[in-house]
Amino acid sequence: MGIVTFVDETTSGSRSDGWGLEIAEERLTVRELIRCRVFQEVAEYNARTPEVFQGLVQPQDAERVVNGYAMRTARRIDPEAQTELALQAFAGNGFLVLVGDRQVTDPDEEIELALGTEITFLKLVALVGG
């Protein structure tokens with residue numbers, strides 16, 4: 001069991017401080033890793049239900065704002081539906097997953113979660129005028 005650090009970056013250069021999640025397994029597929037991350041984000045949001053959801057992907061019926069996604073109406077988010085959105089975004093190159101400095105492209109690839117593993121989710125930002 002160890003702590004995996006998730007870091008969000010964008011191609012425009014912004015980078016989050018990162019946050020840790022305790023993972024019991026020593027090996028997980030990228031698909032399971034995305035699922036763990038999304039379930040944690042949704043659980044934290046549903047426990048407090050703030051106006052803005054700060055997560056990997058935009059929930060349905062939400063609007064992108066500077067610090068996340070504003071929910072049009074206060075409601076709980078379904079973690080399964082949010083996981084599906086995240087996996088679709090990953091498949092459609094909405095974000096890249098880097099384990100250490102290595103990009104992982106196959107959602108079914110198993111990765112080793114050694115002590116101190118940093119997982120970077122690089123969100124691709126469209127260029128202005130592009």
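Look up a bit, the structure's there.
My aim in this report is to walk through the structure given alongside it, one point at a time. These numbers come from a predicted model, not from an experiment.

1. Details of the packing of helix α1 (residues 30-48) against helix α2 (residues 79-91)
For step 1, the next point in the chain: Between α1 and α2, the least distance of the axes is 9 Å, while the angle of their chain directions is 135°. Our classification of the angle between α1 and α2 gives oblique. Here the hand of the crossing between α1 and α2 comes out right-handed. Facing V30, R31, I34, R35, V38, F39 and V42 of α1, the residues of α2 in contact are P79, E80, Q82, T83, A86, L87 and F90.
For step 2, the next point in the chain: For the contact of α1 with α2, the class distribution of residues is nine nonpolar, two polar and three charged.

2. Some details on the pairing of strand β1 (residues 2-10)
For step 1, the next point in the chain: In this structure, β1 lies alongside strand β2 (residues 19-23), joined through five bridges in antiparallel fashion. Residue I3 lies in a different strand from β2, and its bridge partner there is E22.
For step 2, the next point in the chain: In this sheet, strand β10 (residues 118-123) lies alongside β1 in parallel orientation, the contact comprising six bridges. Paired with D8 across the strands is F121, a residue of β10.

Quick notes on the rules
- Numbering of residues begins from 1 in every chain and follows the order in which that chain's sequence is written.
- At least 70 in pLDDT is required for a residue's local features to be given in this predicted model, at least 80 for side-chain atom pairs to be given and counted, and no such filter applies to totals for whole chains, interfaces and linings, which use all residues.
- By convention in this description, side-chain values take in all heavy atoms of the structure and omit both hydrogens and water.
- With axes taken as lines fitted to C-alpha atoms, and helix axes fitted only over the stretch in contact, angles between N-to-C directions fall between 0 and 180 degrees.
- Secondary structure elements follow DSSP: runs of H or I no shorter than four residues count as helices, runs of E no shorter than two count as strands, and numbering proceeds from the N terminus.
- Note on terminology: angles under 35 degrees are roughly parallel, angles over 145 are roughly antiparallel, angles of 65 to 115 are roughly perpendicular, and the others are oblique.
- Should the near helix be turned counterclockwise from the far one by less than a right angle, the crossing is left-handed, whereas a clockwise turn marks it as right-handed.
- In this analysis, two residues are considered to be in contact whenever any of their non-hydrogen atoms come within 4.5 Å of each other.
- Polar here means any residue other than Ala, Val, Leu, Ile, Met, Phe, Trp, Tyr, Cys and Pro, which are nonpolar, and Asp, Glu, Lys and Arg, which are charged; Gly is therefore polar.
- Any two strands with at least two DSSP-identified bridges between them are counted as paired.

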